[in-house]
Amino acid sequence: MATPGIALVGCGSAAPDVVLDNDTLGQLVETSDEWIASRTGIRRRHVAPPAQSLVELATEASNRAIEMAGIDPEQIDLVVLATSTADDLFGSAASIQSAVGAKQAVAFDLTAACSGFLFGLVTVSQYLQTGTFENALLVGADLMSRWVDWDDRRTCVLFGDGAGAVVVKASDTSPGLLGFDMHSNGDRNSCLTLRYEPNDRPLVGGVTASRGGYGFLHMAGKDVYKFAVTRVPETIEKSLFRAGMTADDLDWLLLHQANQRIVDAVAKRLKIPSERTLVNLNEYGNTSAASIPLALDEAVRSGQVQAGQTIAASGFGAGLSWGSAIFRWGA
Ligand code: ACO
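In this report, the structure presented in the accompanying data block is examined. Since the model is a prediction, treat every value here as computed from it, not as a measurement. (Residues numbered from 1 in each chain as written. Predicted model: local features only at pLDDT ≥ 70, side-chain atom pairs only at ≥ 80, totals over all residues. Heavy atoms only, no water.)

## Thoughts on the nonpolar core
- With 40 residues, the main nonpolar core has Ile 236, Leu 253, Val 266 and Phe 316 as its most contacted residues.
- For this core, the secondary structure elements donating two or more residues are helix H7 (221-243), strand S15 (252-255), helix H8 (260-269), strand S16 (310-317) and strand S17 (321-328).
- Per element, the largest residue contribution to this core is seven residues, and it comes from H7.
- Among the domains, domain 1 (5-174) and domain 2 (178-187 + 218-328) are the pair contributing at least three residues each to this core.
- Setting aside its immediate chain neighbours within four residues, Val 266 contacts Ala 228, Val 232, Pro 233, Ile 236, Leu 253 and Leu 255.
- Membership of the second largest hydrophobic core comes to 34 residues, among which are Ile 6, Ala 112, Phe 119 and Ala 295. (Core = buried A, V, L, I, M, F, W, Y, C linked by side-chain atoms within 4.5 Å. Buried < 20%, exposed > 50% of the residue type's maximum accessible area, 1.4 Å probe, protein only. Helix = DSSP H or I, 4+ residues; strand = E, 2+ residues; numbered from the N terminus. Domains from an automatic or database assignment. Contact = heavy atoms within 4.5 Å.)

## A short note on a nonpolar patch on the surface
- A cluster of nonpolar side chains, contributed by Leu 89, Tyr 196 and Tyr 214, occupies part of the molecular surface with about 350 Å² of accessible area.
- Topologically, Tyr 196 is positioned in strand S10 (residues 196-197). (Patch = residues over 30% accessible without salt bridge, like charges linked within 9 Å, V, L, I, M, F, W, Y side chains within 5 Å. Areas by Shrake-Rupley, 256 points an atom, 1.4 Å probe, with all protein chains shown as cover. Salt bridge = Lys/Arg side-chain N within 4 Å of Asp/Glu carboxyl O.)

## A word on the pairing of strand S6 (residues 135-143)
- The buried fraction of S6 is high, at nine of nine residues.
- Going residue by residue along S6, you find Asn 135, Leu 137, Val 139, Ala 141 and Leu 143 tucked away on one face and Ala 136, Leu 138, Gly 140 and Asp 142 tucked away on the opposite face as well.
- Direction of pairing for strand S4 (residues 78-82) relative to S6: parallel, over a ladder of five bridges. Bridge pairing in S6 links Val 79 to Leu 137.
- Sheet analysis places S6 next to strand S7 (residues 161-171), joined by nine bridges and oriented antiparallel. Pairing of Ala 136 across the sheet is with Val 168, part of S7. (Pairing = 2+ DSSP bridges.)

## Description of a positive patch on the surface
- Taken together, Arg 39, Arg 153, Arg 154, Arg 188, Lys 222, Lys 226 and Arg 261 make up a surface patch of like positive charges.
- Within the residue set of the positive patch, elements represented by two or more residues are helix H6 (153-156) and H7.
- Among the secondary structure elements, Arg 261 is positioned in helix H8. (Lys, Arg positive; Asp, Glu negative; His and termini not counted. Charge placed at Lys NZ, Arg CZ, Asp CG, Glu CD.)

## Some points on the packing of H7 against H8
- Look at H7 against H8: their axes get within 9 Å of each other, and the N-to-C directions meet at 40°. Our classification of the angle between H7 and H8 gives oblique. For the pair H7 and H8, the sense of crossing is right-handed. Residues Tyr 225, Ala 228, Val 229, Thr 230, Val 232, Pro 233 and Ile 236 of H7 pack against Arg 261, Ile 262, Ala 265, Val 266 and Arg 269 of H8.
- Along the lines of polarity and charge, the residues of the contact of H7 with H8 split into nine nonpolar, one polar and two charged. (Axes fitted to C-alpha atoms, helices over the stretch in contact; angles between N-to-C directions. Parallel < 35°, antiparallel > 145°, perpendicular 65-115°, else oblique. Left-handed = near helix turned anticlockwise from the far one by under 90°. Nonpolar A, V, L, I, M, F, W, Y, C, P; charged D, E, K, R; others polar.)

Next up, the structure:
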């Protein structure tokens, strides 16, 4: 029996209502719209107010995806939340499972920073293609505004908050995931970190525990830039090879939305014209695990991406981690 395929049958997204544009951000740190836009393409980012939770935003995106898919939430078998900024260190996927009414589903978080959605897509596809599960809800959501140092102009201008979700089904008729490729290189972990900062908490009998908290995001920007423009074209070429395709067969290139210059450099390496790249980072900045499904959802709802079209997606970031997948949109 042939391995069943997968079909991406619904998408949804959500972002906080509050918008912080580059000029306004210039009142907080010494920067300018000109510097940020010319270096990154980012003009605005959405920032969650203190009362808004990651689960709320992710649930909004998920409900939209489930509605588009036209399935009963109780038909969902698996909920995977790709995030680095869960409301709860024990994981937030189960709270989304409850909020959307996916009563039969098992739910867990997956942490791979800006590669999280891409790794999540490959992960849920494995469960669907082995026949273990039939319907999965994959969510990418991050509230980066809670973890950047708002006094550090090198990083705070780059990130924003958002959520995106897709419903993925096992399918006998759609090939779905045509090829994929994933990598990690922990030797270069220090390029991009958001670390636990210990604080001694003496207990009894000479035993000391650590009762600390998480610090700020740190990034060696130039190193991450060079890593991305080298590794991302390579991984997409590998996925294309595994799919038996070339870049000419792609309708769309959908990269993690970190920086317009990275998108342009990767598209140039792959000889994909800019009209075939999906970009919305000007509006949201880098929303980490949310960026790919957020851009996909906007492109589907605006009619840019049509059913049956082929997309190459690539995520890259902390870990370091990177990967790509080639898939068809729609049933
Ligand atoms: N406004 C004005 N000036 C600034 C700003 C700012 N916001 N930020 C930095 N500068 C200054 C610096 O202080 C520096 O000045 P100096 O030379 O006097 O010290 C100068 O601009 C150049 O700084 P660089 O950091 O070298 O700037 P660069 O050209 O490398 O651009 C950038 C920085 C945009 C961050 C780039 O390196 C980049 O895009 N890196 C990739 C980031 C990325 O894609 N991350 C993705 C993964 S994220 C994840 O996984 C969570």
